[in-house]
Amino acid sequence: MDVGELQQTLDKLHQEAKGELAAAKTLDELRSVRSKYLSKTGSVGSLMGTIKDYPPQQRGEVGKTLNSANKAIQELVTEHTDRIGSAEVAADAAASTAFDPTLPGERTRLGSVHPVTAVQWEVEAVFERLGFTIEAGPEMESDYYNFEALNIPQMHPARDLQDTFWLKNGMLLRTQTSPVQIRAMEKFGAPLRCIVPGRCFRYETIDASHENTFHQVEGLMIDRNVSIANLIAVMKLLLNEVLQREFEIRLRPGYFPFVEPGFELDIACLICNGKGCATCKRTGWLELLPCGMVHPNVLKAGGVDPNEYGGFAFGLGLTRLAMMKFGIRDIRVVNSGDLRNLVHPARWAGPVIVDKG
Amino acid sequence: MLISVNWLRDYVDIPDSLDVRALAERLTITTAEVEGVEQIQTGASGLIAARVVSVGPVEGRANLKKVELDLGGKSASVVSAAPVLRVDELVVFAPPGASTLETGEIKSTTVADLPSEGMILPGSAIGIPAADQDAIFCPPSMKPGEAIDQAMLEDWVIEIDNKSITHRPDLWGHYGIAREVAAILGKPLKPYPVADIDELSDKKLPEIPITIDDATRCPRYSGLKMTGVRAQAAPLWMQTRLGHVGLRPIDCLVDLTNYIMADLGQPMHAFDGSRIEGIEVGLANDGETFTTLDGVERKLSAEALMIQSNRKSVALAGIMGGLESEVAEDTQTILLESANFEASGIRKTCAAIGLRTDASARFEKSLDPNNTVLSIQRFVKLASAEFPELQLASRLSDAYPNKLAEITVEVDPKLVARTMGHPVDEKQMIDILTAIGFGVESKDGKLSVAVPSYRATKDISIQADILEEIARNVGYDNIEPRLPEVQVRHFAANPQHITERNALRAFCLGLGYSEVHLYIWYDEEWLKRLGFKPQAGPTLVNPAAAGQEQLRSSLMPGLLQAADRNRFHADAFKLCEVGTVFKEGPDSKNQSRHLGLISARRGKGADDELFATLKGDLETWAWQMLGCELQYEHAKDEATPWTHEHKTANIVANGTTIGTVSVCPLAMRRNIDEHLAAWSIAWAEINLDQLHDFRVESKPLRRVPEFPEVELDFSLLIDATSPYAAVNDNLARFDDPLLRRITYVGAYEGKSVPTGKRSLTYRVLFGSPERTLAEDDVNALKASFEKHIGGCGYELRR
Ligand SMILES: [Zn+2]
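In this text the structure is predicted, and so the values were computed from the model without any measurement.

Caption draft 1: Representation of the overall build of chain A. Per the secondary structure count, chain A includes 13 helices and nine strands. In terms of C-alpha radius of gyration, chain A reaches 41 Å, well past the compact-globule figure of 21 Å for 357 residues. Its C-alpha atoms give chain A principal-axis dimensions of roughly 125 × 45 × 45 Å. Looking at chain A as a whole, 52% of its 357 residues qualify as buried. Total accessible area on chain A stands at roughly 16,700 Å², and carbon and sulfur atoms take up 53% of it.

Okay, structure coming up:
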């Protein structure tokens, strides 16, 4: 093929390519047209390999001719890439007008902790920030730790108040988390700051407000010069943090053998803000937790010298607190294992639009 | 316990202007919890005493009586519904024109065709609800037509929570409460009004012989005989006060002992004096029967303490008198007992015979032994006003073999102020203590505090007790809260707590499980449905319900029950519980903390998928929280109905078996019911106690290789019965300097895999830190790995 014929062939290929590129509707189609002409084996690209067949004096011109043909097609490809690209952008924009960016997201189905656990973690966080360690103790407990070491000897009337689940093997189900006071003192000695969340058991009839199985968190602080003023401050801080509101609290005398003096701590009624309602029996106060200054006999039982150290202790009803926080009216829900009661519907179903309880 | 404010006013000046509710609130904060405050308003006016002249029937109306009354110079005829009316007795009467809130104004009217000119008032109309429909009788000292003082009928009643005074024997009567009120108001407490018996006694009067066999059970016994008493009504003021505190007026003698019990807290008992000579206090004979005055014959054990006379039981000490020696209508002589009994003995006996009385409830609080004599003196004072012929028939006889020790507590005022965290000076402390009856001496900067007997029986013995007296009277609301100042101390983390919190975080916050709390005892009914017979474990003496005796040894029965409950309301769910399981033996070590997991989905046939995803969840948790990979061992020893015969693996972490993972066999699901049979359930149970030593160590992250690496996938055809772990072990033996990593990709059974075979795919990564691998290197490595596979006896799937 002489140079003139070459030029004619290239012109024809250029025309063909031009038509095919104009017909391409997608970038993929465009790419295959480009490849058909310009790749190594394409109809223009393959001619590049024929340069060496020409006499040396013509090779320069042939090269130029081929290059300019190649370039011309490449330019057409670029032009049509822009055309198809812009069309895609326009189509994308048109398609997006129906998009609602305000729809809720699609959720990964997560699990949920029990309401009592949720409150327990909040209480733990408050005390961890105050430098308390978190301890644990056994649920099947001995008479010694549950009663005797806590200054509740045999025949003490306080044993009547603590209706106990007794086991045939002589052990019992702990009626309170307080036995861990003794265990913690045995483990760490003084000074000591710890809390003990855990399950407790009382032999009583179950109804909407009584459970035989419930959670408490015990608190114990032993140091030199621990005062009632300290106890009040820590309790106030705890409740304000966990309930996320400033609360009036009050202490009044309460009798528990393992503390002296012992207190009942009341908070201003959450329902009526202290004005008096049915929930608070018109007193404006809700009984929340027993507390007090650790009895010297209890310190002694834990191996701590009461002449050197003193401290405060408290027992917060976690189940009660969880009920207050989550608005659980019937305590039987807590141990039911029924997820309808324990998991908020929004967690699984998606956002709740109307909620009438 | 109910407290009448009128009654308190006998002992302390309570200003009329003082709001009783405010006083009640101070009592709550300072002394004992007030449960309620009630104003008693009868609105009574124009009431008089009237003498019953005759009582006749009303024709056709069995519940009504026609009564003629003497109104003192006048007479009246009324129709009355009062159940008991006796001729000559005086009743509280509302003539026409009189009124009460309950009845409204009384008018002359006609009842059952008979004229009725007024109304014989029932107890409820004048604030004695315990007497309800009964007429209220007046004492013989009143005259027909005498006006009734209306002021005593109006009162306030404060209800004290009994639980808040179990440790305070002094607060079981009005005088003790008055002492607290006086301290709160800063007013003096009036002396307790008593008769001087010495002055009344004739030296020649006999002693009552009193023998106490058991001085521990009965530290003190005092008695006094008197004559000239008779059956009659108590004074109206006493009846109303008893009514206001919830006691039913009965008869002057009974009312007197009840009144003193509510006044001083000391129970007393009046025997018919003609039937009792001496008093012996001793234990009952085992199996002895005794009829108490409620008419019940009771069988006693040798632990019951008895009051005997001439070796004949006359009372169950401190609990109830006997029927035979009871005061009767014709009694003219009484022997008044006022004794002190030891608390725990009374509690034991009450529990043994199943009888608790107002008296025993008080003795259980450890009463002040000094009240025995005081209450007798009080009785004589009150009785002599009611019985003009009253005469002492014995000396005040008092056996007190077991004297209450006097308690003096050494108190450091500085320590008290420091423990309160509130500035209180010595003078303020002395004032407070003195106001509530403590004797205080100040010496060398210390206080020597003498505890009054009514606080010394068990309530107060150490410095902390005195501190409480001071602090509560200062008022806890006056103490300024202050956070403690402490020395920092580091505590080693509790591994149980950390392990459990991490498990809940991983499974419930991350992996989609919902935490539940379930009971720690098995439910026999449910176990029967599961077809499970647990091994012997700890059992409850007093289960919450029959069939719930045994403590659980596994979390799974409870979780499966929860799953069965939840399947009604969901098509798929995952449950998680962290809880205690138990082994038999009297040691707190025989329990461990377990993690239980359930993954359930409606529809049969998803077993394998749930099993695999549950294991994936376990592996994620293990990687995050334990810092290790899990291995599984084929578990052969099928143990429980919820364990699948074949689809069960032991979970192994760092060489320790930490639990089991399995799927619920169809047989078990079918045992529950057809609905559960149509579900797929996978489960795992892990012993968390074995994980305390696991630590997540930070593993060094890989550098991006400098020279490109080559990844090759190999699929092996192996016998479906040969375990994955063995294949791994074999592959792990391949060694080459250019090998970087072998990872498991997945398993495949189905098309293009012959039956009886399974295809396992592994990805092998080759690379060099020095150069890019050439095509020849890769071909050689591929050939070498394939040769290794062949050497292990595995076929390659092309
Ligand atoms: Zn309220």
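Caption draft 2: Quick look at the domain arrangement of chain B. When cut into domains, chain B gives domain 1 (2-41 + 156-185), domain 2 (48-153), domain 3 (197-399), domain 4 (410-478), domain 5 (495-691) and domain 6 (710-796). Between the C-alpha centres of domain 1 of chain B and domain 6 of chain B there is a distance of 87 Å.

Caption draft 3: Quick peek at the interface of chain B and chain A. Tallying the contact residues gives 85 residues for chain B and 86 residues for chain A. Taking both sides of the interface into account, the surface hidden between chain B and chain A amounts to around 7,100 Å²; carbon and sulfur atoms contribute 58%. When residues of chain B are sorted by the area they lose upon contact with chain A, Arg347, Phe491 and His517 of chain B head the list and together hold 10% of the total. At the boundary of chain B and chain A, one finds four salt bridges. Close ionic contact of Glu139 of chain A with Arg593 of chain B constitutes a salt bridge, the shortest N to O distance being 3.3 Å.

Caption draft 4: Region of interest: the sheet that holds strand E7 (residues 259-268) of chain A. Residue and element names in this part refer to chain A. Ordered in space as E1-E4-E5-E9-E8-E7-E6, the seven strands form an open sheet in which the pairing is mixed. Every other strand in the sheet has two partners, leaving strand E1 (133-134) and strand E6 (249-253) as the edge strands with one partner each. As defined by bridge partners, strand E8 (residues 285-294) adjoins strand E9 (residues 310-317) across three bridges and the pair is classed as antiparallel. Opposite Cys291, over in E9, you have Phe314 as the bridge partner. Along the sheet, helix H8 (residues 179-188) contacts E1, strand E4 (192-201), strand E5 (213-223), E8 and E9; its crossing angle with E4, the most-contacted strand, is approximately 145 degrees.

Caption draft 5: The arrangement of the packing of aromatic side chains in detail. The tally for this structure, following the rule as stated, stands at 25 aromatic pairs over all chains. For the ring pair Phe127 of chain A and Phe132 of chain A, a centre distance of 4.9 Å and an interplane angle of 70 degrees mean the geometry is edge-to-face. For Phe127 of chain A, a relative accessible area of 1% gives the class buried. One Lys or Arg, Arg179 of chain B, reaches over the ring of Tyr454 of chain B and ends 3.5 Å from the middle of that ring.

Caption draft 6: Fine view of the confidence of the model for chain B. Across chain B, the average pLDDT comes to 93, with 100% of residues at 70 or higher. The ipTM value of the predicted complex is 0.88, and its pTM value is 0.86.

Conventions used here
- Residues numbered from 1 in each chain as written.
- Chains lettered and ligands numbered in written order.
- Predicted model: local features only at pLDDT ≥ 70, side-chain atom pairs only at ≥ 80, totals over all residues.
- Heavy atoms only, no water.
- Helix = DSSP H or I, 4+ residues; strand = E, 2+ residues; numbered from the N terminus.
- Rg over C-alpha atoms; globule rule 2.2 N^0.38 Å.
- Buried < 20%, exposed > 50% of the residue type's maximum accessible area, 1.4 Å probe, protein only.
- Areas by Shrake-Rupley, 256 points an atom, 1.4 Å probe, with all protein chains shown as cover.
- Domains from an automatic or database assignment.
- Contact = heavy atoms within 4.5 Å.
- Buried area = accessible area lost by both parts, 1.4 Å probe.
- Salt bridge = Lys/Arg side-chain N within 4 Å of Asp/Glu carboxyl O.
- Pairing = 2+ DSSP bridges.
- Axes fitted to C-alpha atoms, helices over the stretch in contact; angles between N-to-C directions.
- Phe/Tyr/Trp six-rings, centres within 6.5 Å; stacked < 30°, edge-to-face > 60°.
- Lys NZ or Arg CZ within 6 Å of the ring centre and 35° of its normal.
- pLDDT = per-residue confidence, 0-100.

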